[in-house]
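Residue strings, one per chain:
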Amino acid sequence: MLEIQNLHASVLDIENSEILKGVDLKVNKGEVHAIMGPNGSGKSTLANVLMGRPDYEITDGDILVDGESIAELRPDQRAHLGLFLAFQYPAEIPGVRPWQFLKAAHDAKAEARGEEKMSVRNFTKLFDEKVEAVGINPDLVKRSLNEGFSGGEKKRNEMLQLEVLQPSMAILDETDSGLDVDALRIVAEGVNSMRSPERSFIVVTHYQRLLNYITPDIVHILVDGKIVQTGGPELALVVEKDGYREYLPAAGATG
Amino acid sequence: MTNQKTISRETDLSGQEYQWGFVTDVETDLAPKGLSEDIVRLISSKKDEPAWLLEWRLKAYRHWVQLSDSEGEPDWAMIDYPSIDYQDIYYYAAPKAATEAPKSLDDVDPEMLATFEKLGIPLQERAKLAGVAVDAVFDSVSVATTMEEQLGELGIIFCSFSEAVKKYPELVKKYLGSVVPYTDNFFATLNAAVFSDGSFAYIPPGVRCPIELMTYFRINTEGSGQFERTLIVADKGAYVSYLEGCTAPFRKSHQLHAATVELVALDDAEIKYSTIQNWFPGTPEGEGGVYNFVTKRGRADKNAKISWTQVETGSAITWKYPSVILRGDNSVGEFFSVALANNHQQADTGTKMIHIGKNTKSTIVSKGISAGQGNNTYRGQVQIMPGAENAVNHTQCDSLLVGDQCGAHTVPYIEVRNPTARLEHEASTSKVSDDQLFYLMARGLSEEEAHHMIITGWSRDVIRELPFEFALEAGQLLKVSLEGAVG
């Protein structure tokens, strides 16, 4: 279970740069939460702070996984606990092939958890299966990680990693942006097939589009670093129709 | 595995506890410090050399004295070091007896063995590196190895330089100094005068050497200079892959290493020369370390190919430009390099490709990694001579910066004297980005693993040129060499 308590976060070493201004959120095992919000509301920051991106600092509040604070943990330690962030803009790593990278990541997690590392043979089998399932062009995974990948290919590659690493808490940061409808469906199918009572998701998105394919249990509206409304899947449809206007205080004043 | 395909010689060049070092309390037979004609004569007589070789050494010595009195050491490289007192160096050191050497791996410092394991060095190799094996070569004297006999059946000669002088004087006489003459440069001249030992290989016409030939060099004696000389001749249509590994023990004082390597690839021959250079780089504070001034050059005749691959992680100073003289038509020269400068290391390295023959082709891929306060310079020269119709060169020079106190420099010289030449030069400078690090760490890799993966990935174009076993070692070496540069 993930619990976010009164989370405040700023850009590291920059004064008055608070982006998250008291986020409270509780994600139980097996739940899919969607976080929606206008541009600049702090959605991506929230996703990144959860994963421990060093560009941000937590100034108040806490993040708990199964009751234990992870606020001081490094990103790799969080990954070992089962957190996963599907990046909006995955980094390109020249000369490193996806197989090699994922094997190292898989091994690192196993080692940290005191589990046995998967043999090369078994891992390759798993990898090949997932490559097919996610629908990545097999030639692509022979290339350098994300290098020269199109936007859609990068997102599929993120889904491949999600499938291989089988995290217990997956955060998808605008994974739908830059995807065509087919790719969107593949991402959604990936998530849906991985839904289980043991695994939760936070799906960060600007548009409701992705939620046509992934039905969330709970939808939150994040505005100006705070969750301003929480509801069921129907809330996403309201936003789709009316936009975020009514949540924006400035708009209310001028409108 | 690949182990069986490698014949390994070891030249133990001089020992204390830096990671690759160990103290070998071997009683050493030292000539007095300093350089003089008498010392040159002493070295030659200790080795029982023929008169012609002594004469050659003396000519070199006299030329070196002249150079010392006039221009001195070359000063064009981007390296900075206090002047070297050539009279404060031992020029000859040979162990009297190896009785003090460890008898088995059980007698060797477990920490050192752990390091070897970390480096992925095979067990047998670890024993050798630790000075256990009887065929190990301490300081400047080499001992023969067993597989020589098998090679002998193919007519392949692989032995120490001294042995070659005794057994194959005609071959040595014919090719010694034919690619790097004793007048070549200050350090090569010094080497010619006082070279201690080294390796010699000869592959007869049409023979493909079935195994990789390998030499491990070590420096043991404190305050001794190291001057080995390697000569490899691939006769017409022959092929050989040669590996060279270098380690030196921890020393607070600097050690001078001035080696010379000559490669001769006759018509249709191919020589692949791979180096992992891991001389002691000095302490993180910049104390001690090897001054590595090396002259390496190959001559490629008609349709011949010479390929240099190097991973340079050690030495306080690296001054090294493995070159190819493409004198035969259709000859090919290659240079693949990863050079790392961490802490206070300085590397000024690159290559020279001299195109003389028609349709000659050269490829240069240089990757420089700078970390800590390290300074890394690529210095390359591509020369297209008037007769070199249709010469082609492709140069790629990449620099990677780790941290914000290091430096990367690129100094390419291009000289084209034939209008049909085609040259390409690409260069890039990049940093290990925070985005890359976060991405890998978010998948569970530690910061160190993440750095290592980014850096080895970046170096992959070069590392994949290495024979498999060496490639693994190179990857590990980059990792170990960068420890402390990260975080």
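Residues numbered from 1 in each chain as written. Chains lettered and ligands numbered in written order. Predicted model: local features only at pLDDT ≥ 70, side-chain atom pairs only at ≥ 80, totals over all residues.

Enquirer: Break down the overall build of chain A for me, with residues and values.
Expert: A tally of regular secondary structure across chain A gives 8 helices and 10 strands. Since a compact globule built from 255 residues should have a radius of gyration of about 18 Å, the 18 Å found for chain A is in line with a globular shape. Projected onto its principal axes, the C-alpha positions of chain A cover 60 × 40 × 35 Å. In chain A, which comprises 255 residues, the proportion classed as buried is 42%. (Helix = DSSP H or I, 4+ residues; strand = E, 2+ residues; numbered from the N terminus. Rg over C-alpha atoms; globule rule 2.2 N^0.38 Å. Buried ≥ 20, exposed ≤ 12 C-beta atoms within 10 Å, placed from the backbone.)

Enquirer: An account of the interface of chain B and chain A is requested, with residue identities and associated values reported.
Expert: Contacts between the two partners involve 18 residues from chain B, matched on the other side by 23 residues from chain A. Elements supplying a minimum of two residues to the side of chain B that touches chain A: helix 9 (434–441) and helix 10 (447–458) of chain B. (Contact = placed C-beta atoms within 7 Å.)

Enquirer: Any details on the sheet that holds strand 5 (residues 68–69) of chain A? Residues and values, ideally.
Expert: Residues and elements named next belong to chain A. Overall, antiparallel pairing links the 4 strands, which are arranged 2-1-4-5 in an open sheet. In this open sheet, the two edge strands, each paired with only one partner strand, are strand 2 (18–27) and strand 5. In this sheet, strand 4 (residues 56–65) lies alongside strand 1 (residues 2–11) in antiparallel orientation, the contact comprising 8 bridges. Considered in strand 4, the bridge of Gln5 is made with Asp62. (Pairing = 2+ DSSP bridges.)

Enquirer: Give a detailed account of helix 5 (residues 151–165) of chain A, specifying residues and quantitative values.
Expert: Residue and element names in this part refer to chain A. Here helix 5 spans 21 Å end to end across 15 residues, near enough to the 21 Å set by a 1.5 Å rise per residue. Buried residues belonging to helix 5 abut strand 6 (83–86), helix 3 (98–112), helix 4 (120–134), strand 7 (169–173) and helix 6 (181–194). Note on helix 5: the residue one or two positions beyond its end, Gln166, has a positive phi of about 45°. (Expected span 1.5 Å × (residues − 1).)

Enquirer: Got a sec to walk through the nonpolar core? Specific residues and values, please.
Expert: Counting 186 residues, the largest nonpolar core has Ile171 of chain A together with Ala234, Val240, Ala265 and Ile271 of chain B as its most contacted members. Broken down by element, this core gets its largest block of residues, 7 residues, from strand 16 (residues 332–341) of chain B. Ignoring any residue separated from it by four or fewer positions in sequence, one finds Ile171 of chain A in contact with Ala47, Leu50, Met51, Phe84, Leu85, Ala86, Ile202 and Val204 of chain A. (Core = buried A, V, L, I, M, F, W, Y, C linked by C-beta atoms within 7 Å.)

Enquirer: Tell me about the confidence of the model for chain B, and name the residues and values.
Expert: Residue and element names in this part refer to chain B. Averaged over all residues, the pLDDT of chain B equals 82, while 79% of them reach at least 70. Below a pLDDT of 50 lies the segment residues 1–5, which in the model reaches 7 contacts outside its immediate sequence neighbourhood of four places, other chains included. Segment residues 96–101: pLDDT under 50, and 11 contacts once partners within four positions in sequence are set aside and those in other chains are kept. Scored as a whole, the predicted complex attains pTM 0.82, and scored at its interfaces, ipTM 0.95. (pLDDT = per-residue confidence, 0-100.)

Enquirer: Talk me through helix 4 of chain A; I want residue IDs and the actual numbers.
Expert: Each α-helix turn comprises 3.6 residues. Residues three or four places apart therefore point the same way. Residues and elements named next belong to chain A. A rise of 1.5 Å per residue sets the reference length of helix 4, with its 15 residues, at 21 Å; its end C-alpha atoms lie 21 Å apart and thus fit the reference within 8%. Along helix 4, the positions that sit buried rather than exposed are Phe127, Lys130, Val131 and Val134. The arc enclosing the buried residues of helix 4, seen along the axis, measures out at 105°, which places them on a common side. Of the exposed residues in helix 4, the ones pointing more than 90 degrees away from its buried face are Arg121, Asn122, Lys125, Glu129 and Glu132. Where the residues of helix 4 are buried, they touch helix 3, helix 5 and helix 6. In the segment just after helix 4, Gly135 is the residue with positive phi, at about 80°. (Arc of directions from axis to C-beta.)

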